[in-house]
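Report on the structure
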Amino acid sequence: MRAVIATEPGGPDVLALQERPDPHPGPGEVVLEVAASAVNRADLLQRQGLYPPPPGASDVLGLECSGTVREVGHGVERWRVGDEVCALLAGGGYAEQVLVPAGQLMAVPAGVDLVTAAALPEVACTVWSNVFMVAGLQPGETLLVHGGAGGIGTFAIQLAAAVGAVVAATAGSAGKLEICRSLGASITADYRNQDFVEVVKEATRDRPGGPGADVVLDNMGAAYLGRNLDVLATSGRLVVIGMQGGSRAELDLGTLMRKRAAVIATTLRARPALTARRSHETA
Ligand SMILES: NC(=O)c1ccc[n+]([C@@H]2O[C@H](COP(=O)([O-])OP(=O)(O)OC[C@H]3O[C@@H](n4cnc5c(N)ncnc54)[C@H](OP(=O)(O)O)[C@@H]3O)[C@@H](O)[C@H]2O)c1
């Protein structure tokens, strides 16, 4: 099969097609005939040499894809040859075929075409696992999404609005703020010329639990840590999923204690593979 790799760290010109052996599934694994793969910020960083694949992951680019099941390994019961699916990958999506732990496959949702479905797994898994499973966002609570017009942000706004949360979003231009509002954000701040702490506190000042956001989904890391703590309401949860503003900052534990708040940071890619057996156990 043919696969796309980065021959060295650099721009798009370092991408090259290579011939690789066709993959075959082991127990709990599935091989897909790839229909489409997505372009994530992480793929661009990996191509530039700034985000190496974790130990054991493919050096072929591509963190998600869609396609048709070509072969299933021993113990895989949920999927059959010919099924149309999308997949969350530790790498390997930029290829004609890819090996996937069966627990990392999802059915293509009704009404979504196979090519579009390639862009769902990263955002769906990141947003669901962080905003709902980790931070436990509830209907009626307020979620602040940084980078609301980006890949993660657009999905987070829609999902949180759909479950009845109040959604606040930051973005870098008037046009992008309009996109956030059209997707369900009722509070918006232009991070280039507005202070999102002031905007969110002002918009939520009459809430019964006091002003602020119950959950913050953060892509900026260090650069926003202080202001994210400031904007958190009592019992708020800050979930950091990106380090676009650096990884080292000072944390005021006094603020955290007074607010009875939590700071959590997670990444999808470094997690162990979800084979059929493990996904069944955790279902
Ligand atoms: N931990 C995980 O498992 C995981 C998984 C997937 C993604 N991520 C991370 O999530 C983040 C978003 O990923 P993505 O795929 O959505 O990337 P993307 O589409 O490239 O979006 C990046 C976003 O960053 C925003 N941004 C830039 N500077 C900002 C600032 N100063 N304040 C607020 N927002 C700012 C941009 O806003 P404008 O366009 O409005 O300027 C844009 O919306 C990335 O940091 C990525 O690494 C983490």
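These remarks concern the structure in this document.

**A look at the side chain of Thr142**
As for its placement among the helices and strands, Thr142 is situated in strand S8 (residues 142-145). By relative accessible area, which is 1% here, Thr142 ends up buried. Residues contacting Thr142, with those up to four places away along its chain left out, are Leu137, Val166, Thr204, Arg207, Gly212, Ala213, Asp214 and Val215.

**Description of the packing of helix H3 (residues 121-134) against helix H4 (residues 151-162)**
At a closest axis distance of 9 Å, the pairing of H3 and H4 adopts a crossing angle of 55 degrees. Judged on the interaxial angle alone, H4 and H3 are oblique. In the packing of H3 onto H4, the handedness of the crossing is right-handed. Residues Glu122, Val123, Ala124, Thr126, Val127, Trp128 and Phe132 of H3 pack against Gly151, Ile152, Phe155, Ala156, Leu159 and Ala160 of H4. Of the residues that constitute the contact of H3 with H4, the class distribution is 10 nonpolar, two polar and one charged.

**Quick look at the site of the ligand**
Close to the ligand lie 22 residues; Ile152, Lys176, Tyr191, Tyr224 and Gln244 are nearest. Residue Lys176 places a side-chain N or O atom 2.7 Å away from an oxygen atom belonging to the ligand. A distance of 2.6 Å is found between a nitrogen atom of the ligand and a side-chain nitrogen or oxygen belonging to Tyr224. Taken by itself the ligand offers 930 Å² of open surface, and the protein chains cover 80% of this. Looking at the shell around the ligand, the elements with two or more residues in it are H3, H4 and strand S9 (166-171). Of the residues in the shell around the ligand, the class split is seven nonpolar, 11 polar and four charged.

**Section: the sheet that holds S8**
Sheet strands pair by backbone hydrogen bonding; their relative direction is either parallel or antiparallel. Within the open sheet, the six strands sit side by side as S10-S9-S8-S11-S12-S13. Their pairing is parallel. Each edge of the sheet is formed by a strand with only one pairing partner; in this case those strands are strand S10 (187-190) and strand S13 (262-265). Pairwise comparison of adjacent strand axes, ignoring direction, gives a mean angle of 15 degrees for this sheet. Taken together, the four bridges between strand S12 (residues 232-240) and S13 define a ladder with parallel strand orientation. In the sheet register, Val239 faces S13, and the bridge partner there is Ile264. Against the sheet, H4 engages S8, S9 and strand S11 (213-218), with an angle of about 170 degrees to S8. Sheet strands in contact with helix H6 (residues 196-203) are S8, S9, S10 and S11, and its direction is about 160 degrees off that of S10.

**Some words on the pairing of S11**
By the criterion of burial, S11 is predominantly enclosed, with six of the six residues buried. As judged from the three bridges shared by S8 and S11, these two strands associate in the parallel manner. In the sheet register, Leu144 faces S11, and the bridge partner there is Val216. Both S11 and S12 contribute to a ladder of five bridges, which runs parallel.

**Let's talk about the sheet that holds strand S6 (residues 97-101)**
Read across the open sheet, the five strands follow the order S6-S3-S4-S5-S7; overall the sheet is antiparallel. This sheet does not close on itself; its edge strands, each paired only once, are S6 and strand S7 (105-107). Each neighbouring strand pair of the sheet contributes to a mean axis angle of 50 degrees, computed without reference to strand direction. Strand direction decides the pairing type here: strand S3 (residues 29-37) and strand S4 (residues 64-72), joined by seven bridges, are antiparallel.

The rules behind these values
- Residues numbered from 1 in each chain as written.
- Predicted model: local features only at pLDDT ≥ 70, side-chain atom pairs only at ≥ 80, totals over all residues.
- Heavy atoms only, no water.
- Helix = DSSP H or I, 4+ residues; strand = E, 2+ residues; numbered from the N terminus.
- Buried < 20%, exposed > 50% of the residue type's maximum accessible area, 1.4 Å probe, protein only.
- Contact = heavy atoms within 4.5 Å.
- Axes fitted to C-alpha atoms, helices over the stretch in contact; angles between N-to-C directions.
- Parallel < 35°, antiparallel > 145°, perpendicular 65-115°, else oblique.
- Left-handed = near helix turned anticlockwise from the far one by under 90°.
- Nonpolar A, V, L, I, M, F, W, Y, C, P; charged D, E, K, R; others polar.
- Near = heavy atom within 4 Å.
- Polar contact = N/O pair within 3.5 Å; in protein donor to acceptor, adjacent residues only side chain to side chain.
- Areas by Shrake-Rupley, 256 points an atom, 1.4 Å probe, with all protein chains shown as cover.
- Pairing = 2+ DSSP bridges.

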